[in-house]
Amino acid sequence: AECVSGCVCPEGLFDDGKGGCVEEKDCPCIHNNQWYYSGQKVTVDCNTCTCQKGFWSCTEDICFGTCMIYGSGHYITFDGKFYDFDGNCEYVATQDFCGDKNSSGSFSIITENVPCGTTGVTCSKAIKIFLGKTELKLENKDYKEIQRDIGEDVHYWNRTVGLYLVIEASNGVMLIWDKKTTVFIKLTPGYKGKVCGLCGNFDDKSNNDFTTRSGLQETNALKFGNSWKQSFMCPDVTQEIKPCDVKPHRKSWAEKECSIIQSEVFKICHSKVDPIPFYEACVHDACSCDSGGDCECFCSAVAAYAQECTKAQACVFWRTPDIC
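All residue numbers here refer to positions counted from 1 along the written sequence of the relevant chain. Local features in this predicted model are restricted to residues of pLDDT 70 or higher, and side-chain atom pairs are both shown and tallied only at a pLDDT of 80 or more, whereas totals for entire chains, interfaces and linings draw on every residue. Neither water nor hydrogens contribute to the side-chain values; these are computed over all heavy atoms in the structure.

## What to know about the overall build of the chain
Item 1. Counting its regular elements, the chain contains six helices and 19 strands.
Item 2. Along the longest, intermediate and shortest principal axes, the C-alpha atoms of the chain span 75 × 55 × 40 Å.
Item 3. A contact between two residues is defined here by any heavy atoms of the two lying within 4.5 Å. Long-range pairs, those at least 24 residues apart, make up 47% of the contacts in the chain between residues at least 6 apart in sequence.
Item 4. For every accessible area listed, the method is Shrake-Rupley and the probe measures 1.4 Å; residues are considered covered only by the protein chains on display. Carbon together with sulfur atoms contributes 52% to the accessible area of the chain, which is approximately 17300 Å² in total.
Item 5. Under the counting rule used here, the positive set is Lys and Arg, the negative set is Asp and Glu, and His together with the chain ends is not counted. Every charge is mapped to an atom, namely NZ of Lys, CZ of Arg, CG of Asp or CD of Glu. Averaging the locations of the 32 positively and 44 negatively charged side chains of the chain gives two centres separated by 4 Å. The helix count covers DSSP runs of H or I at least four residues long, the strand count covers runs of E at least two residues long, and both are numbered beginning at the N terminus.

Below, the structure is given as C-alpha cells:
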C-alpha cells in the first residue's frame, strides 16, 4: 500500500533474523526466543532436536516422567501441573495400585508431611518407599530398610550424587532426595497412565491430574489432596494457608530474598522455565519457615528453580558464600 524504507533480501534468499540473507537450506530455527543455525542441536527433555532448513527435526525417544515435591507443600506432577497442598499426615505421592482389579501393583511411595513453622504449612519430613516386600524409610538425612513378609523381590541400588541420595529400583522407579524437604520421583514410560496419587496419573495431560482415590475428577487441590491421605485419623485440610498474610512482617524480607529467581542471575533460564510459580513458592516458604530453618526453606525453593533450569539446558551458578 505504501513504500517502506529498508533492505530486503535478493530473489531466492531469505532473511536470517540477524540482518543477513541466506539460502533456504541455511535458514535458522528459533527455540525459547533464541536463534540457532542450520545443523545446531538442542536437547529437549531426553530428545535431541536438529535445525534443518528453518525447522526442527527431533528424535522421538520416550522420556522418564518426573514428579517433584519440595518446600512447604509444593507439587509439580508428572504432567507438569503446579499446585500447593498443606496436609499434616501421610499421603500417597505415587503408586501403581490404582483400582484396576486385575493389577497387582509393584510399588508405592508415601510422603509424611509435618508442620514446618508456626503458620500451619507443612513440609515433607520422611519418605517411605514400598518396593515388593522391601520398605525403605528416608528420614533424618539417612535411610533404613525393613523387610516385610509379603510381596515380590524388587532389587534396588542407592548412591549419593552431590547433595542428593538416589534410590534406583529394577522396576523402573527412581527417587532422588536432598535429605531435607525436596524429593524427585522418576518413572520409566511404561508407567504412563498407570499411576495415581498426589503426583497425578502421568498420561501427558495435566488437566486430569486431580483424580481422587475413588477415581473422581476434582478441580480443588484440597479435596484431591485429602483423598490421598493414608490414615482416616488425620484431619482434612479445609483452607489454603497464606503464610505471608499470617506473618506480614516477614513478607518484604521474603520478597527481597526470593527476587534472585527473577534477577539477572537466572536470566538465561527465564525464557526456558517460567520463574513466576517458583518465585511465588519461594515467597510462600520464606514467610512460613519462622521457627528456624528459614534459610533452608529459601535455599530449597531457589534450588527447585535451578533444578528445572538445568533440565532445560540452562545451567545457573547461583550459590555464593553469602547465598545458600
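## Notes on the packing of helix α3 (residues 251–258) against helix α5 (residues 276–288)
Item 1. Note on method: axes are straight lines fitted to C-alpha atoms, helices fitted across the in-contact stretch only, with angles between N-to-C directions ranging 0 to 180 degrees. Here α3 crosses α5 at 135°, and the two axes come no closer than 8 Å. One finds that α3 runs oblique with respect to α5. Along this stretch, α3 crosses α5, giving a crossing that reads as right-handed. Of α5, the residues touching α3 (which contributes Lys251, Trp253, Ala254, Glu255 and Cys258) are Tyr279, Cys282, Val283, Ala286 and Cys287. Angle categories are assigned with fixed cut-offs, so that under 35 degrees is roughly parallel, over 145 is roughly antiparallel, 65 to 115 is roughly perpendicular, and the rest are oblique. Handedness of a crossing is defined here by the sense of rotation of the near helix relative to the far one, left-handed for an anticlockwise turn of less than a right angle and right-handed for a clockwise turn.

## Details of the packing of α5 against helix α6 (residues 294–311)
Item 1. Packing of α5 against α6 brings their axes to within 8 Å, and their N-to-C directions diverge by 165°. Of the possible angle classes, the one that applies to α5 and α6 is roughly antiparallel. Of the two elements, α5 crosses α6, and the hand of that crossing is right-handed. Residues Phe278, Cys282 and Asp285 of α5 lie in contact with α6, whose contacting residues are Cys297, Phe298, Ala301, Val302, Ala304, Tyr305 and Glu308.
Item 2. Split by residue class, the contact of α5 with α6 holds eight nonpolar, no polar and two charged. Note on residue classes: Ala, Val, Leu, Ile, Met, Phe, Trp, Tyr, Cys and Pro are nonpolar, Asp, Glu, Lys and Arg are charged, and everything else, Gly too, is polar.

## What to know about the state of the cysteines
Item 1. Note on terminology: disulfide denotes any pair of cysteine sulfur atoms within 2.5 Å. Going through the model one piece at a time under the given rule, you end up with 13 disulfides.
Item 2. Note that Cys258 is cross-linked by a disulfide to Cys282, the S-S spacing being 2.0 Å. Linking Cys258 and Cys282, the disulfide has an S-S dihedral of approximately -80° and is accordingly described as left-handed. Of this pair, Cys258 sits in helix α3 while Cys282 sits in helix α5, placing them 24 residues apart in sequence.
Item 3. Judged by its relative accessible area of 0%, Cys282 is buried.
Item 4. Note on cysteine connectivity: Cys289 is disulfide-linked to Cys297, with sulfurs 1.8 Å apart. With the S-S bond torsion at -75°, the cross-link from Cys289 to Cys297 turns out left-handed. Burial classes: relative accessible area under 20% of the type maximum marks a residue as buried, over 50% as exposed, and values in between as partly exposed (1.4 Å probe, protein chains only).

## A look at the side chain of His284
Item 1. With respect to the helices, strands and loops of the structure, His284 is situated in helix α5.
Item 2. Other than its neighbours up to four places away in sequence, His284 contacts Ser72, His74, Asp84, Asp86, Val121, Ile241 and Pro243.

## Focus on the domain arrangement of the chain
Item 1. On domain assignment, one finds that the chain holds domain 1 (14–58), domain 2 (65–227) and domain 3 (243–312).
Item 2. If you average the C-alpha positions of domain 1 and of domain 2, the two centres end up 38 Å apart. These domain boundaries are the output of an automatic or database domain assignment.

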